[in-house]
Amino acid sequence: MAHGMTNEAHGKDITRIALVGYMGAGKTTIGKALAEDLALSFYDLDWYIQNRMHKSVSQIFDERGEEGFRLIERNMLHEVAEFEDVVISCGGGTPCFFDNMQYINQQAQSVYLKCHPDTLYAHLHMGRAVRPLLLGKNTDEMKKYIATQLEEREPYYLMAKHTVDVTLMDSCLKISNMVAKLKETLHIG
Ligand code: S3P
(Lines give C-alpha, C1' and ligand atoms only; values in the text may rest on other atoms or scores of the structure.)
Protein backbone atom coordinates (compact mmCIF):
# COMPACT_ATOMS: atom_id res chain seq x y z
CA MET A 1 0.00 0.00 0.00
CA ALA A 2 1.42 3.35 -1.03
CA HIS A 3 2.01 5.59 1.92
CA GLY A 4 4.73 7.97 0.90
CA MET A 5 5.79 10.21 -1.91
CA THR A 6 5.77 8.62 -5.34
CA ASN A 7 9.14 8.80 -6.98
CA GLU A 8 8.16 9.41 -10.59
CA ALA A 9 11.61 8.62 -11.95
CA HIS A 10 11.56 5.06 -10.72
CA GLY A 11 7.80 4.57 -10.61
CA LYS A 12 7.91 3.13 -7.09
CA ASP A 13 6.51 4.39 -3.86
CA ILE A 14 8.96 5.75 -1.37
CA THR A 15 8.53 7.05 2.11
CA ARG A 16 10.21 10.28 3.11
CA ILE A 17 9.13 12.05 6.26
CA ALA A 18 10.58 15.40 7.38
CA LEU A 19 10.13 16.71 10.91
CA VAL A 20 10.34 20.45 11.48
CA GLY A 21 9.99 22.60 14.58
CA TYR A 22 11.87 24.70 17.09
CA MET A 23 15.08 23.60 18.84
CA GLY A 24 14.25 21.37 21.79
CA ALA A 25 10.87 20.19 20.47
CA GLY A 26 12.15 16.61 20.28
CA LYS A 27 12.62 16.26 16.52
CA THR A 28 15.60 13.94 16.93
CA THR A 29 14.08 11.80 19.70
CA ILE A 30 10.74 11.39 17.93
CA GLY A 31 12.35 11.04 14.51
CA LYS A 32 14.59 8.19 15.67
CA ALA A 33 11.67 6.40 17.34
CA LEU A 34 9.45 6.83 14.28
CA ALA A 35 12.18 5.61 11.91
CA GLU A 36 12.81 2.56 14.07
CA ASP A 37 9.11 1.74 14.24
CA LEU A 38 8.71 2.03 10.45
CA ALA A 39 12.05 0.33 9.66
CA LEU A 40 13.25 3.46 7.84
CA SER A 41 16.67 5.12 8.02
CA PHE A 42 16.99 8.15 10.25
CA TYR A 43 18.88 11.31 9.31
CA ASP A 44 19.38 14.29 11.57
CA LEU A 45 20.34 17.21 9.35
CA ASP A 46 22.73 18.73 11.94
CA TRP A 47 24.54 15.39 12.35
CA TYR A 48 24.71 15.00 8.59
CA ILE A 49 26.24 18.48 8.24
CA GLN A 50 28.74 17.72 11.02
CA ASN A 51 29.79 14.45 9.38
CA ARG A 52 30.13 15.92 5.92
CA MET A 53 32.00 19.02 7.11
CA HIS A 54 34.04 17.28 9.86
CA LYS A 55 33.07 20.19 12.11
CA SER A 56 30.48 20.87 14.78
CA VAL A 57 27.60 23.24 14.08
CA SER A 58 29.16 25.65 16.62
CA GLN A 59 32.49 25.59 14.75
CA ILE A 60 30.74 26.32 11.46
CA PHE A 61 28.89 29.28 13.05
CA ASP A 62 32.21 30.55 14.49
CA GLU A 63 34.11 30.25 11.23
CA ARG A 64 31.47 31.23 8.65
CA GLY A 65 28.79 33.02 10.65
CA GLU A 66 25.11 32.13 10.52
CA GLU A 67 24.95 33.09 6.84
CA GLY A 68 27.65 30.56 5.98
CA PHE A 69 25.92 27.89 8.06
CA ARG A 70 22.58 28.49 6.30
CA LEU A 71 24.18 28.00 2.88
CA ILE A 72 25.72 24.71 3.95
CA GLU A 73 22.46 23.68 5.59
CA ARG A 74 20.52 24.30 2.37
CA ASN A 75 23.01 22.29 0.32
CA MET A 76 22.93 19.39 2.77
CA LEU A 77 19.12 19.50 2.89
CA HIS A 78 19.13 19.01 -0.87
CA GLU A 79 21.28 15.88 -0.44
CA VAL A 80 19.36 14.31 2.41
CA ALA A 81 15.94 15.06 0.94
CA GLU A 82 16.83 12.93 -2.10
CA PHE A 83 17.28 9.83 0.05
CA GLU A 84 14.54 7.24 -0.10
CA ASP A 85 12.70 5.59 2.78
CA VAL A 86 13.95 7.95 5.44
CA VAL A 87 12.85 10.06 8.36
CA ILE A 88 14.69 13.39 8.37
CA SER A 89 14.92 15.65 11.39
CA CYS A 90 15.57 19.20 10.13
CA GLY A 91 17.34 21.89 12.15
CA GLY A 92 15.15 24.41 13.95
CA GLY A 93 16.03 27.13 11.46
CA THR A 94 16.01 25.02 8.28
CA PRO A 95 12.43 25.83 7.16
CA CYS A 96 12.93 29.57 7.65
CA PHE A 97 15.67 30.25 5.07
CA PHE A 98 15.65 30.36 1.26
CA ASP A 99 12.80 28.31 -0.20
CA ASN A 100 13.65 25.42 2.12
CA MET A 101 10.13 24.85 3.40
CA GLN A 102 8.65 24.69 -0.12
CA TYR A 103 11.41 22.27 -1.05
CA ILE A 104 10.78 20.13 2.04
CA ASN A 105 7.07 19.97 1.15
CA GLN A 106 7.89 19.04 -2.41
CA GLN A 107 10.16 16.20 -1.31
CA ALA A 108 8.53 14.84 1.84
CA GLN A 109 5.59 14.34 4.10
CA SER A 110 6.33 17.19 6.47
CA VAL A 111 5.25 17.37 10.09
CA TYR A 112 5.54 20.38 12.41
CA LEU A 113 6.23 19.24 15.97
CA LYS A 114 4.57 22.05 17.87
CA CYS A 115 5.70 22.71 21.42
CA HIS A 116 4.91 25.36 24.04
CA PRO A 117 7.79 27.84 24.66
CA ASP A 118 7.96 26.94 28.39
CA THR A 119 8.57 23.29 27.48
CA LEU A 120 11.13 24.29 24.84
CA TYR A 121 12.97 26.29 27.49
CA ALA A 122 12.86 23.34 29.92
CA HIS A 123 14.36 21.07 27.24
CA LEU A 124 16.93 23.61 26.08
CA HIS A 125 18.41 25.17 29.18
CA MET A 126 20.75 22.21 29.76
CA GLY A 127 21.83 21.94 26.13
CA ARG A 128 22.44 25.58 25.31
CA ALA A 129 26.23 25.10 25.01
CA VAL A 130 25.90 23.15 21.75
CA ARG A 131 23.41 25.58 20.24
CA PRO A 132 25.22 28.70 19.02
CA LEU A 133 22.05 30.80 18.92
CA LEU A 134 21.50 30.29 22.66
CA LEU A 135 25.08 30.55 23.83
CA GLY A 136 25.78 33.11 26.58
CA LYS A 137 22.12 33.89 27.30
CA ASN A 138 20.83 33.91 30.88
CA THR A 139 17.45 32.44 31.86
CA ASP A 140 15.39 35.56 31.13
CA GLU A 141 17.16 36.31 27.87
CA MET A 142 16.72 32.74 26.74
CA LYS A 143 13.00 32.65 27.58
CA LYS A 144 12.43 35.91 25.69
CA TYR A 145 14.53 34.76 22.74
CA ILE A 146 12.64 31.47 22.44
CA ALA A 147 9.21 33.12 22.66
CA THR A 148 10.07 35.85 20.12
CA GLN A 149 11.84 33.60 17.66
CA LEU A 150 9.13 30.94 17.84
CA GLU A 151 6.56 33.58 16.93
CA GLU A 152 8.67 34.68 13.95
CA ARG A 153 9.31 31.14 12.81
CA GLU A 154 5.92 29.58 13.31
CA PRO A 155 4.49 30.79 9.97
CA TYR A 156 7.20 28.71 8.26
CA TYR A 157 6.65 25.68 10.48
CA LEU A 158 2.90 25.88 9.87
CA MET A 159 3.53 25.43 6.14
CA ALA A 160 4.22 21.77 6.97
CA LYS A 161 1.55 19.38 5.73
CA HIS A 162 0.74 18.19 9.24
CA THR A 163 1.05 19.62 12.75
CA VAL A 164 1.31 17.47 15.87
CA ASP A 165 1.49 18.94 19.38
CA VAL A 166 4.36 17.38 21.32
CA THR A 167 4.22 19.65 24.38
CA LEU A 168 3.31 16.88 26.78
CA MET A 169 5.80 14.33 25.52
CA ASP A 170 8.44 13.67 28.15
CA SER A 171 8.74 9.94 28.82
CA CYS A 172 9.29 6.71 26.93
CA LEU A 173 5.63 5.79 27.00
CA LYS A 174 4.68 9.17 25.69
CA ILE A 175 7.26 8.86 22.93
CA SER A 176 5.66 5.61 21.79
CA ASN A 177 2.23 7.28 21.95
CA MET A 178 3.62 10.10 19.87
CA VAL A 179 4.93 7.65 17.27
CA ALA A 180 1.45 6.09 17.10
CA LYS A 181 -0.09 9.54 16.70
CA LEU A 182 2.34 10.46 13.92
CA LYS A 183 1.63 7.21 12.08
CA GLU A 184 -2.08 7.90 12.32
CA THR A 185 -1.58 11.49 11.08
CA LEU A 186 0.53 10.29 8.16
CA HIS A 187 -1.71 7.26 7.43
CA ILE A 188 1.30 4.98 7.68
CA GLY A 189 1.95 1.60 9.23
C1 S3P B 1 19.21 26.05 14.84
C2 S3P B 1 18.87 24.81 15.31
C3 S3P B 1 19.83 23.73 15.48
C4 S3P B 1 21.04 23.93 14.55
C5 S3P B 1 21.62 25.28 14.69
C6 S3P B 1 20.60 26.40 14.42
C7 S3P B 1 18.15 27.09 14.72
O8 S3P B 1 19.20 22.48 15.22
O9 S3P B 1 20.68 23.69 13.20
O10 S3P B 1 22.11 25.41 16.00
O11 S3P B 1 18.34 28.08 13.98
O12 S3P B 1 17.08 26.90 15.34
P13 S3P B 1 18.20 21.74 16.29
O14 S3P B 1 16.83 22.31 16.08
O15 S3P B 1 18.30 20.33 15.87
O16 S3P B 1 18.73 22.02 17.65
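Preceding this section is the structure that the text describes.
Worth saying up front: this structure is predicted, and the values here are computed from it rather than measured.

Cut-offs applied
Residues numbered from 1 in each chain as written. Predicted model: local features only at pLDDT ≥ 70, side-chain atom pairs only at ≥ 80, totals over all residues. Heavy atoms only, no water. Core = buried A, V, L, I, M, F, W, Y, C linked by side-chain atoms within 4.5 Å. Buried < 20%, exposed > 50% of the residue type's maximum accessible area, 1.4 Å probe, protein only. Helix = DSSP H or I, 4+ residues; strand = E, 2+ residues; numbered from the N terminus. Contact = heavy atoms within 4.5 Å. Lys, Arg positive; Asp, Glu negative; His and termini not counted. Salt bridge = Lys/Arg side-chain N within 4 Å of Asp/Glu carboxyl O. Near = heavy atom within 4 Å. Polar contact = N/O pair within 3.5 Å; in protein donor to acceptor, adjacent residues only side chain to side chain. Areas by Shrake-Rupley, 256 points an atom, 1.4 Å probe, with all protein chains shown as cover. Nonpolar A, V, L, I, M, F, W, Y, C, P; charged D, E, K, R; others polar. Pairing = 2+ DSSP bridges.

Colleague: Summarise the nonpolar core; cite the residues concerned and give the values.
Modeller: One broad trend across soluble globular proteins is that nonpolar side chains are buried collectively. In this structure, I17, V20, Y22, V87, V111, L120 and L124 are the most contacted members of the largest nonpolar core, which totals 57 residues. Broken down by element, this core gets its largest block of residues, 8 residues, from helix α3 (residues 57-80). Setting aside chain neighbours within four positions, we find Y22 in contact with K27, G92, L120, L124, Y145, I146, Q149, L150, R153 and Y157.

Colleague: Requested: an account of the side chain of R128, with residues and values cited.
Modeller: If you trace the backbone, R128 turns up in the loop between α5 (117-124) and α6 (139-157). One buried charge, R128, has no salt-bridge partner; the nearest side chain with opposite charge is E141, at 7.2 Å.

Colleague: Tell me what's going on with the site of the ligand, and back it up with residues and numbers.
Modeller: Close contacts around the ligand come from 13 residues, with K27, D46, R70, G92 and R153 the closest. R70 places a side-chain nitrogen or oxygen 2.6 Å from an oxygen atom of the ligand. Separating an oxygen atom of the ligand from a backbone N or O atom of G92 is a distance of 2.8 Å. Surface burial for the ligand is 96%, taken as the share of its 390 Å² of free accessible area covered by protein chains. Examining the composition of the shell around the ligand, we find that 3 residues originate from one element, α3, more than from any other. Among the residues forming the shell around the ligand, the class breakdown is 5 nonpolar, 3 polar and 5 charged.

Colleague: Pulling in residues and values, what's your account of the pairing of strand β5 (residues 86-89)?
Modeller: Judged by which residues are buried, β5 turns out to be covered on both faces: V86 and I88 on one side and V87 and S89 on the other are all buried. As paired strands, strand β3 (residues 16-20) and β5 are joined by 4 bridges and run parallel to one another. Pairing of I17 across the sheet is with V87, part of β5.

Read these as geometric descriptors, not functional statements.
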